Amino acid sequence: MQTHGKGAARTYVIGTAGHVDHGKSTLVHALTGMDPDRLQEEKERGLTIDLGFAHFTLPSGDEAGIVDVPGHERFIKNMLAGVGGIDLALLVIAADEGVMPQTREHLAVIDLLGIDCGVVALTRADLVDTDLLALAREDAVEALVGTSLEGSPVVACSGITGAGLPQLVEAISTQLQESEPRADIGRPRLPIDRAFKMTGFGTVVTGTLIDGELAVGAEVEILPDGLRARIRGLQNHGRSVDTARAGTRTAVNLAGVPAEKLRRGMVVALPGTLRPVKALDARIRTVAYLGRPVRHNLAVTVHAGSAEVDGRLLLLDSNALPPGESAWAQLRLASPIVAVPGDRFIIRDTNDTLAGGSIVEVDPSRHRRFHGPTISDLEEHERGSPEERAMLVIARLEPVELEVLARSVGMTVAIAQAAVQPLVDGGRVRRLGAADAPVFISETGFAAVSARITDTLRRFHEANPLRPGIPREDLRGKTGLSQRAFDAVISAIAAHGGLADGPHVALAGHAPRLSGQQRALADDYVASLMASPHAPPTDNAPPAEILAYLAREGEVIVAADGVVFAAKACAEMTAAVVHHIEEHGAITLAQVRDMFATTRKYAQALLEYLDSQRITRRIGDERVLTRAPRQRN
């Protein structure tokens, strides 16, 4: 968790919400002295089209950044990019107009995102009399009923006259001080809500930093595109800082990536800590006032963090979801986003906010609908402790690498390792592999994968009795495991005496053996090679499996061009060639041919074999020793 010493200032993010032209930007200017309308078009029209930013200091000494979001209905997408990552929702309602349609939609978004810290600013209080103000207050309180902001303070004020502003600031400060600090789990991510080029600085992106800290000089990855950059500078509230903390509005000056390649919805993270996903399992809840059910297989737009992407809503336990009801769903996305379990999101169609929810799992496989075990697993995952969630992921993905486990349960590597330790201590899970790169598998999973591997080896030995085993990579391909998981599992089975590990993997005790008939055939073949050791026959080779066996056992040498020498003859010829080179410094192919009274074919094969064994090396038309010659007395 983000920690602070006694009396240390905290930094908060406030998001405004409310109907168009209810005075949000005017109120922000009155609170901060800053104009959040940053675009000329906004200045001319008096509307906040894109996200505006300002900040001020609370009476407690804490700092608050304000994300001023647009209120006009057709700008709702920009509004959604600003509300995910805020500590307090400042819902603005004009006293002279009361609760309006966009007020309710913004409040629904706040509720669906689970934001339960808020204050209602009843603006333009100077334009109404006491009775109308009381009615506006009742209207606001009633609108909050049944939402995450129910019971929040309602403060009448005016951004023009300043009336009620001290009371509003005090209410904001009190609510924020009672809120939980933003979590710092050591996995920083900054969803980009703006990206631009700044003269003299280069590429700058802004967003609300969550889950960790970023430091100047750090290498970062921009997802989902996998771009790499370095942090040249950081700013919080217009001040340069060396480190940005979780829960702060942050501007990041990036080196190594042009602004043109960046866009809203991307995420700045430390390399390798996050990955793009295209499917989400989630519990969703529909908007209570929607007026129609949300149906299975509906085309929707998904808003998560600052990302906006088209997708398909697949209901897992119902065909249609009435307003205000909840269900399990899977979202299949048209393009990847960066999200982790626990993240909140909003679903919209062309005109309306439909539902929202919390991600339980990322990148799941496609589920059968109305499948009891699937629903049970999702429910356990949703309500389970970190230990229980880790067990569910291990049981589903086993064997699973620590980093994959951490991503799947939405934790840092350190927290995931702590969560799985009780499972290891209790004998439910095995930790395999190196201490700094562990792989986890349940006891039942280890028994199952061991049985599959040993059965594969047994069947291979039965079909190929003369082969020493399955080449390691071939066996890994049959298991479908990652290299690290495969190595860890094979080492663990070998440690228990179940198999012999090496370039070839075999069952323990397996040794290739020739049958009596095969042995007789092999002996006749070797004898034929020895009968003409320097020019052995090439037309009487035994079956390939017997020849391979003889080569592995060191009875024959398979040289170049399909020439096979008896091992004894090859050793004698090798010694003679080495002796000649030691005496004369080099040897030619013609000299080898004459030395053994053979043909060019066999001399060439012998020399290429010696080259392959790094006994000799070719220089022009001669061979020399790869090692220094022996010194003679």
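Everything below is about the structure shown above.
First, a word on what this report is: a plain description of the structure on this page. (Residues numbered from 1 in each chain as written. Predicted model: local features only at pLDDT ≥ 70, side-chain atom pairs only at ≥ 80, totals over all residues. Heavy atoms only, no water.)

## Focus on helix α10 (residues 413–425)
Here comes step 1: Over its 13 residues, α10 extends 18 Å from the first C-alpha to the last, a length consistent with the 18 Å expected when each residue adds 1.5 Å.
Here comes step 2: Within α10, burial applies to Ala 416, Ala 419, Val 420 and Leu 423.
Here comes step 3: On its buried side, α10 packs onto α8 (386–397), α9 (402–409), β26 (429–434) and β27 (437–442). (Helix = DSSP H or I, 4+ residues; strand = E, 2+ residues; numbered from the N terminus. Expected span 1.5 Å × (residues − 1). Buried < 20%, exposed > 50% of the residue type's maximum accessible area, 1.4 Å probe, protein only. Contact = heavy atoms within 4.5 Å.)

## A short note on a negative patch on the surface
Here comes step 1: Where like charges cluster on the molecular surface, the negative patch consists of Asp 377, Glu 380, Glu 387 and Glu 388.
Here comes step 2: Mapped onto the negative patch, the elements with two or more residues apiece are α7 (372–383) and α8. (Patch = residues over 30% accessible without salt bridge, like charges linked within 9 Å, V, L, I, M, F, W, Y side chains within 5 Å. Areas by Shrake-Rupley, 256 points an atom, 1.4 Å probe, with all protein chains shown as cover. Salt bridge = Lys/Arg side-chain N within 4 Å of Asp/Glu carboxyl O. Lys, Arg positive; Asp, Glu negative; His and termini not counted. Charge placed at Lys NZ, Arg CZ, Asp CG, Glu CD.)

## Some points on the packing of α9 against α10
Here comes step 1: At a minimum axis separation of 9 Å, α9 and α10 run at an interaxial angle of 95 degrees. Classified by the angle between their axes, α9 and α10 sit roughly perpendicular to one another. On the side of α9, the interface is formed by Leu 402, Glu 403, Leu 405 and Ala 406, while α10 contributes Val 413, Ala 416, Gln 417 and Val 420. (Axes fitted to C-alpha atoms, helices over the stretch in contact; angles between N-to-C directions. Parallel < 35°, antiparallel > 145°, perpendicular 65-115°, else oblique.)

## Looking at the layout of surface pockets
Here comes step 1: Roughly 560 Å³ of volume is contained in the second largest pocket.
Here comes step 2: As for the second largest pocket, its lining consists of 24 residues, of which Thr 206, Gln 235, His 237, Gly 238 and Ala 251 are closest to the centre.
Here comes step 3: Elements with a minimum of two residues in the lining of the second largest pocket: β2 (52–57), β3 (63–68), β8 (194–198), β9 (202–208), β12 (227–236) and β15 (249–255).
Here comes step 4: For the lining of the second largest pocket, the element with the most residues is β15, which contributes five residues. (1 Å grid on protein atoms, 1.4 Å probe; cavity = no way out; pocket = protein on both sides within 12 Å on 5 of 7 lines; lining within 4 Å. Points joined across faces, edges and corners; volume = space filled by probe spheres on them.)

## Side note on the side chain of Ser 179
Here comes step 1: Inspection of the secondary structure puts Ser 179 in the loop between α6 (165–177) and β7 (189–191).
Here comes step 2: From its side chain, Ser 179 meets the backbone oxygen of Leu 176 in a polar contact 2.5 Å long.
Here comes step 3: Excluding its chain neighbours within four sequence positions, the residues that come into contact with Ser 179 are Arg 10, Tyr 12 and Cys 117. (Polar contact = N/O pair within 3.5 Å; in protein donor to acceptor, adjacent residues only side chain to side chain.)

## Side note on the pairing of strand β20 (residues 307–315)
Successive side chains on a regular strand alternate, one facing one side of the sheet and the next facing the other.
Here comes step 1: Where strand β19 (residues 298–304) and β20 come together, seven bridges link them in antiparallel fashion. Its bridge partner lying in β20, Leu 298 is registered against Leu 313.
Here comes step 2: Sheet analysis places β20 next to strand β22 (residues 326–338), joined by five bridges and oriented antiparallel. Directly across from Arg 312, in β22, lies its bridge partner Arg 332. (Pairing = 2+ DSSP bridges.)

## Things to note about the pairing of strand β17 (residues 276–286)
Here comes step 1: In this structure, β17 lies alongside β22, joined through nine bridges in antiparallel fashion. Note on β22: the bridge partner recorded for Ala 282 is Ala 329.
Here comes step 2: The pairing of β17 with strand β24 (residues 353–362) spans seven bridges and is antiparallel. Opposite Thr 286, over in β24, you have Ala 355 as the bridge partner.

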